[in-house]
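A closer look at the structure
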Amino acid sequence: MTWLPKNFLHPVRVDVPGGFHLRPIRGADTDLDYPAVMGSRERLWSIYGQAWGWPPASMTYEQDREDLERHEREIAAHESFNYALFDDAGTALLGCVYIDPARKVGFDAEISWWVVDDRVGTALEHALDALVPRWIADEWPFERPCFVGRDLSWQEWLALPDAA
């Protein structure tokens, strides 16, 4: 199977129990994304740093905006997806879900997600943990998704052979 069928339409809003929702991230979200990422930077680096080199301690607002604009272009081109987690009013960015083509052998997609530090261990994190695998199974055309950091650790994922 290729990354995505030509006629696939990605979801534009996904309700998350408790008054939250996911939607594709945009460059215009930088005002909310930057404080969310940098406020949780140490924990995010412990998760994504070795694999992605993100988020660097020196990341500027402008670099974050450029990164979000890149994500926005990749979403439009169906190259990869970054869904931001918002409160229902859309006034707080509380985490992200990443859906990417497989970089490692044995999978057709790689999915990971996070919440900001002050939501770790809360009902919101538990709701997102329950929702994401079900959402991927129900609405995405993957046969072998890997939930990195869930199905296998990031260390185990890094040790896998790279996909061609």
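Computed from a prediction, not measured in an experiment: that's the story for all the values here.

1. Regarding the overall build of the protein chain
Per the secondary structure count, the protein chain includes 5 helices and 6 strands. The order of α-helices and β-strands along the protein chain, N terminus first, is β-β-α-α-α-β-β-β-α-β-α. Here the C-alpha radius of gyration of the protein chain, 15 Å, is about what a compact globule of 164 residues would show, namely 15 Å. In terms of overall dimensions, the protein chain has C-alpha extents of about 40 × 30 × 30 Å along its principal axes. Look at the contacts in the protein chain between residues 6 or more apart in sequence, and 63% of them connect residues 24 or more apart.

2. Here we look at the nonpolar core
One finds Leu22, Val97, Ile99, Trp135 and Trp140 to be the most contacted residues of the largest nonpolar core, which totals 49 residues. Examining the composition of this core, we find that 7 residues originate from one element, helix 4 (residues 123–139), more than from any other. Aside from chain neighbours lying at most four places away, what touches Ile99 is Trp3, Ser80, Phe81, Tyr83, Glu110, Ile111, Trp135, Ile136, Trp140 and Phe142.

3. Comments concerning the side chain of Ser40
Structurally, the position occupied by Ser40 is in the loop between helix 1 (30–39) and helix 2 (41–52). Owing to a relative accessible area of 2%, Ser40 belongs among the buried residues under this scheme. A distance of 2.8 Å separates the side chain of Ser40 from the backbone nitrogen of Asp117, its partner in a polar contact. Discounting residues that sit within four places of it in the chain, Ser40 has contacts with Val116 and Asp117.

4. Points about the sheet that holds strand 2 (residues 20–24)
Spatial ordering of the open sheet is given by 1-2-3-4-5-6, a layout of 6 strands whose pairing is mixed. At either end of the open sheet lies a strand with only one pairing partner, and these are strand 1 (14–16) and strand 6 (145–147). In this sheet, neighbouring strand axes are inclined to one another by 25° on average, regardless of whether the strands run parallel or antiparallel. The sheet contact formed by strand 5 (residues 109–115) and strand 6 spans 3 bridges and is parallel. Counterpart to Ala109 in the pairing with strand 6 is Pro145.

5. A look at helix 4
Its 17 residues give helix 4 an end-to-end C-alpha distance of 23 Å, which sits within 8% of 24 Å, the value for a rise of 1.5 Å per residue. Remark: the principal bend of helix 4, roughly 25°, maps to Leu131, with a proline, Pro133, within the next four residues. Inspection of helix 4 places Leu124, Glu125, Ala127, Leu128, Leu131, Val132, Trp135 and Ile136 among the buried residues, and these make up the whole buried set. Buried residues belonging to helix 4 abut strand 1, strand 2, strand 3 (81–87), strand 4 (93–101), strand 5 and strand 6.

6. Brief notes about the pairing of strand 4
Within strand 4, 8 of the 9 residues are buried, which leaves it mostly tucked inside the rest of the structure. Sheet topology places strand 3 next to strand 4; 6 bridges connect them, and they run antiparallel. Within the sheet, the bridge partner assigned to Tyr83 lies in strand 4 and is Val97. Here strand 3 hands over to strand 4 after 5 residues, with Gly90 in that stretch at a positive phi of 75°. Here 7 bridges tie strand 4 to strand 5, and the two strands are oriented antiparallel to one another. By the bridge assignment, Ile99 is partnered in strand 5 with Ile111.

7. Here's the deal with helix 2
The end-to-end C-alpha separation of helix 2 is 13 Å, well short of the 16 Å expected for 12 residues at 1.5 Å each. Every buried residue belonging to helix 2 is among Arg41, Leu44, Tyr48, Gly49 and Ala51, and all of these are buried. Looking straight down helix 2, one finds its buried side chains confined to an arc of 170°; they lie on one side. Opposite the buried face of helix 2, by more than 90 degrees, sit the exposed residues Glu42, Ser46 and Gln50. Where helix 2 is buried, its residues touch helix 1, strand 4, strand 5 and helix 5 (154–159).

Conventions adopted
- Residues numbered from 1 in each chain as written.
- Predicted model: local features only at pLDDT ≥ 70, side-chain atom pairs only at ≥ 80, totals over all residues.
- Heavy atoms only, no water.
- Helix = DSSP H or I, 4+ residues; strand = E, 2+ residues; numbered from the N terminus.
- Rg over C-alpha atoms; globule rule 2.2 N^0.38 Å.
- Contact = heavy atoms within 4.5 Å.
- Core = buried A, V, L, I, M, F, W, Y, C linked by side-chain atoms within 4.5 Å.
- Buried < 20%, exposed > 50% of the residue type's maximum accessible area, 1.4 Å probe, protein only.
- Polar contact = N/O pair within 3.5 Å; in protein donor to acceptor, adjacent residues only side chain to side chain.
- Pairing = 2+ DSSP bridges.
- Axes fitted to C-alpha atoms, helices over the stretch in contact; angles between N-to-C directions.
- Expected span 1.5 Å × (residues − 1).
- Bend = angle between axes of the 7 residues up to and from the residue.
- Arc of directions from axis to C-beta.

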